[in-house]
Amino acid sequence: MRIGPVPLPSPFVVSPMAGMTDTAFRRLVKRQGGCGLVVSEMVSSEGLVRGIDRTLEYAEYTEEERPVSIQIFGGDPDRMAEAARVVEDMGADIVDVNMGCPVPKIAKHHAGCSLMREPGHAATIIAAMVKAVRIPVTVKMRKGWDDSDLSAPEVARRVEDAGAAAIAIHGRTAKQSYSGQADWDFVAGVAQSVRIPVFGSGDCVEPEQVVERLRAGVSGVFVGRGVLRNPWILAQAQDLLEGRAARAVSAEARGRFLLDYMQLLLDERTGESEGFRHVAPGQAMATPAPPRGRERWVINKLRALCTWYTKGMEGGSQLRTAVNAAESVPQLRELIEASFLSGARPVRSPELVTR
Ligand SMILES: Cc1cc2nc3c(=O)[nH]c(=O)nc-3n(C[C@H](O)[C@H](O)[C@H](O)COP(=O)(O)O)c2cc1C
């Protein structure tokens, strides 16, 4: 499995998720195994080109995450080409274009999913980026804008002609947002109509589903919310693909994951983490937040992850309430230790993840 010249060790990918798939989370998922590629949260092309600190933080990654794809959004071909150059200069393996975000703030600037309504413009953006960089340019799209405009087959063909190296398709329209079911038959149909690899995305929350989708006619599978619930899902899918039983995950391992995530986030903001890549060589990371701001940031990150992570877990809703009430990092640690490491609360696994 390759995207352009970039080999992927597995066909399973951590799907980009704004606010969630930061470098700390991606590293921890990668360490569990089975992960062929990680994609950053979406990053503003304007912010990259202007060198805005906040944007640069979103684009940070570490060596252990490779191969790594940085996803950018924007609607201006020249600025997108310039942003792709910035991504290439950062040393990323792949630059991905967001054509799936339905949020009006993004979509109104001819960016995100509104590009599905303008296939010609989408292709112009890809052509400009392909001309500007040597790394593969990929596209993540949806089925189309709405049921009357299912443009993915046309957009796929046009971006392929413009030089895109691979495509990922979330099998819903922008109008659907996250309602209904992802249409994997549609995705497989598009996969058959182009020569470049097509990855599918949508609704894989069990490792069995990931493998089943792979076998139904795509080159690989992007897993989003399933990874937030169960960071071992890609490793478990790899187990199944190789004919083994999916590994079981103990309550302790689930607790450790949260503690490690918290620690990596804390290290990041104090500069203790090794191997950060910043946007321009020699450019310093954004000014570290003051300690109180840093603690608040870590608490908010933990709360966001726990919203997904505790779904389907016995006692999950009480734990979510407690996490949301915790006001300090030591309090959060205690809570996680009591919930996962003390042996007091049995956590079912691997059937922990349920719809
Ligand atoms: C919280 C959240 C944030 C997301 N952010 C992005 C994003 O930045 N870029 C993108 O292309 N897709 C984004 N997505 C879409 C996912 O990558 C994925 O395509 C979608 O959730 C369907 O897959 P899933 O059912 O496996 O989650 C996001 C999804 C969620 C739930």
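Residues numbered from 1 in each chain as written. Predicted model: local features only at pLDDT ≥ 70, side-chain atom pairs only at ≥ 80, totals over all residues. Heavy atoms only, no water.

Undergrad: Residue-level account of the overall build of the chain, with values.
TA: Within the chain one finds 15 helices and eleven strands. For the chain, the C-alpha radius of gyration of 20 Å lies close to 20 Å, the compact-globule estimate for 355 residues. Within the chain, the fraction of its 355 residues that count as buried is 58%. Here the analysis covers contacts within the chain between residues at least 6 apart in sequence; of these, 73% occur between residues at least 24 apart. A total of about 14300 Å² of accessible surface is found on the chain, and carbon and sulfur atoms cover 50% of it. (Helix = DSSP H or I, 4+ residues; strand = E, 2+ residues; numbered from the N terminus. Rg over C-alpha atoms; globule rule 2.2 N^0.38 Å. Buried < 20%, exposed > 50% of the residue type's maximum accessible area, 1.4 Å probe, protein only. Contact = heavy atoms within 4.5 Å. Areas by Shrake-Rupley, 256 points an atom, 1.4 Å probe, with all protein chains shown as cover.)

Undergrad: Just give me the short version of the pairing of strand E10 (residues 198-201), but keep the residues and values in it.
TA: Both faces of E10 are covered, namely the face carrying Val 198 and Gly 200 and the face carrying Phe 199 and Ser 201. Of the crossover connections in this fold, the one passing from strand E9 (residues 166-173) over helix H8 (residues 184-193) to the parallel E10 is right-handed. Where the polypeptide runs from E10 across helix H9 (residues 207-215) and back to strand E11 (residues 220-223), its parallel neighbour, the crossover connection is right-handed. (Right-handed = clockwise from strand over helix to strand, strands pointing away.)

Undergrad: Help me get a handle on the packing of helix H6 (residues 119-132) against helix H7 (residues 152-161), residues and values and all.
TA: As a packed pair, H6 and H7 sit with axes 9 Å apart at the nearest point and diverge in direction by 30°. The orientation of H6 relative to H7 falls into the category roughly parallel. When you trace H6 past H7, the crossing you get is right-handed. For the pair H6 and H7, the contacting residues are Pro 119, Gly 120, Ala 122, Ala 123 and Ile 126 in the first and Glu 154, Val 155, Arg 158 and Val 159 in the second. (Axes fitted to C-alpha atoms, helices over the stretch in contact; angles between N-to-C directions. Parallel < 35°, antiparallel > 145°, perpendicular 65-115°, else oblique. Left-handed = near helix turned anticlockwise from the far one by under 90°.)

Undergrad: Break down the domain arrangement of the chain for me, citing the residues and quoting the values.
TA: For the chain, the domain assignment lists domain 1 (2-241) and domain 2 (251-341). In this structure, domain 1 and domain 2 have C-alpha centres spaced 25 Å apart. (Domains from an automatic or database assignment.)

Undergrad: Which residues make up the pattern of salt bridges, and what values do they have?
TA: Two side chains of opposite charge can pair, provided their charged atoms sit close to one another. Per the counting criterion, the structure on display carries 21 salt bridges. Note that Glu 46 is salt-bridged to Arg 79, the shortest N-O span being 2.9 Å. Taken together, the residues Glu 46 in helix H2 (residues 45-50) and Arg 79 in helix H4 (residues 77-89) connect sequence positions 33 residues apart. In the salt-bridge network here, residues are joined through shared partners; they are Arg 26, Arg 27, Glu 65 and Glu 268. (Salt bridge = Lys/Arg side-chain N within 4 Å of Asp/Glu carboxyl O.)

Undergrad: An account of the site of the ligand is requested, with residue identities and associated values reported.
TA: Neighbouring residues of the ligand: 16 residues in total, closest Ser 15, Pro 16, Gln 71, Ser 201 and Asp 203. One of the side-chain N or O atoms of Ser 15 is found 2.7 Å from an oxygen atom in the ligand. At 2.8 Å from an oxygen atom of the ligand is found a side-chain nitrogen or oxygen belonging to Lys 140. Isolated, the ligand exposes 610 Å² of accessible area, and the fraction of that covered by the protein chains is 89%. (Near = heavy atom within 4 Å. Polar contact = N/O pair within 3.5 Å; in protein donor to acceptor, adjacent residues only side chain to side chain.)

Undergrad: Requested: an account of empty space enclosed by the protein, with residues and values cited.
TA: Over the atoms rolls a probe the size of a water molecule, and in doing so it shows where empty space is left. In the structure shown here, the tally under the stated rule is two cavities of 30 Å³ or more. By volume, the largest cavity is sized at about 70 Å³. Taken together, 13 residues make up the lining of the largest cavity; nearest its centre are Ile 3, Leu 37, Asp 96, Thr 138 and Phe 222. At the level of secondary structure, the elements contributing two or more residues to the lining of the largest cavity comprise strand E4 (37-39), strand E7 (94-99), strand E8 (137-144) and E9. Looking at which element gives the most residues to the lining of the largest cavity, the answer is E9, with three residues. (1 Å grid on protein atoms, 1.4 Å probe; cavity = no way out; pocket = protein on both sides within 12 Å on 5 of 7 lines; lining within 4 Å. Points joined across faces, edges and corners; volume = space filled by probe spheres on them.)

Undergrad: Provide a residue-level description of the side chain of Asp 146, including the pertinent values.
TA: Mapped onto the secondary structure, Asp 146 falls in the loop between E8 and H7. The side chain of Asp 146 is buried and forms no salt bridge, while Lys 175, the nearest opposite charge, is found at 5.0 Å. A polar contact is formed between the side chain of Asp 146 and the side chain of Ser 148, at a distance of 2.7 Å. Residues contacting Asp 146, with those up to four places away along its chain left out, are Thr 173 and Lys 175. (Lys, Arg positive; Asp, Glu negative; His and termini not counted.)

Undergrad: Tell me about helix H15 (residues 329-341), residues and numbers included.
TA: The first and last C-alpha atoms of H15 sit 17 Å apart over 13 residues, in line with the 18 Å expected at 1.5 Å per residue. If you check which residues of H15 are buried, you get Val 329, Leu 332, Ile 336, Ser 339 and Phe 340. End-on, the buried residues of H15 take up no more than an arc of 100°, which puts them together on one face. The N-cap residue of H15 is Ser 328: its side-chain oxygen and the backbone nitrogen of Gln 331 are 3.2 Å apart. Once H15 ends, the next one or two residues include Gly 343, with phi positive near 80°. (Expected span 1.5 Å × (residues − 1). Arc of directions from axis to C-beta.)

Undergrad: Talk me through the nonpolar core; I want residue IDs and the actual numbers.
TA: Among the nonpolar cores identified, the biggest contains 98 residues, and Met 99 and Met 141 are the most heavily contacted of them. Looking at this core, the element that brings in the most residues is helix H12 (residues 251-270), giving eight residues. Counting twelve residues, the second-largest nonpolar core is a separate cluster that includes Val 6, Val 13, Ala 168 and Phe 199. (Core = buried A, V, L, I, M, F, W, Y, C linked by side-chain atoms within 4.5 Å.)

Undergrad: With reference to specific residues and values, describe the layout of surface pockets.
TA: Taken as a whole, the largest pocket encloses approximately 760 Å³ of empty space. Every residue lining the largest pocket is counted, 35 residues in all, and those nearest its centre are Pro 16, Met 17, His 170, Tyr 178 and Arg 225. Within the residue set of the lining of the largest pocket, elements represented by two or more residues are E8, E9, E11 and helix H10 (225-229). Sorting elements by how many residues they give to the lining of the largest pocket places H10 first, with four residues. Tallied by class, the residues present in the lining of the largest pocket amount to 15 nonpolar, eleven polar and nine charged. (Nonpolar A, V, L, I, M, F, W, Y, C, P; charged D, E, K, R; others polar.)

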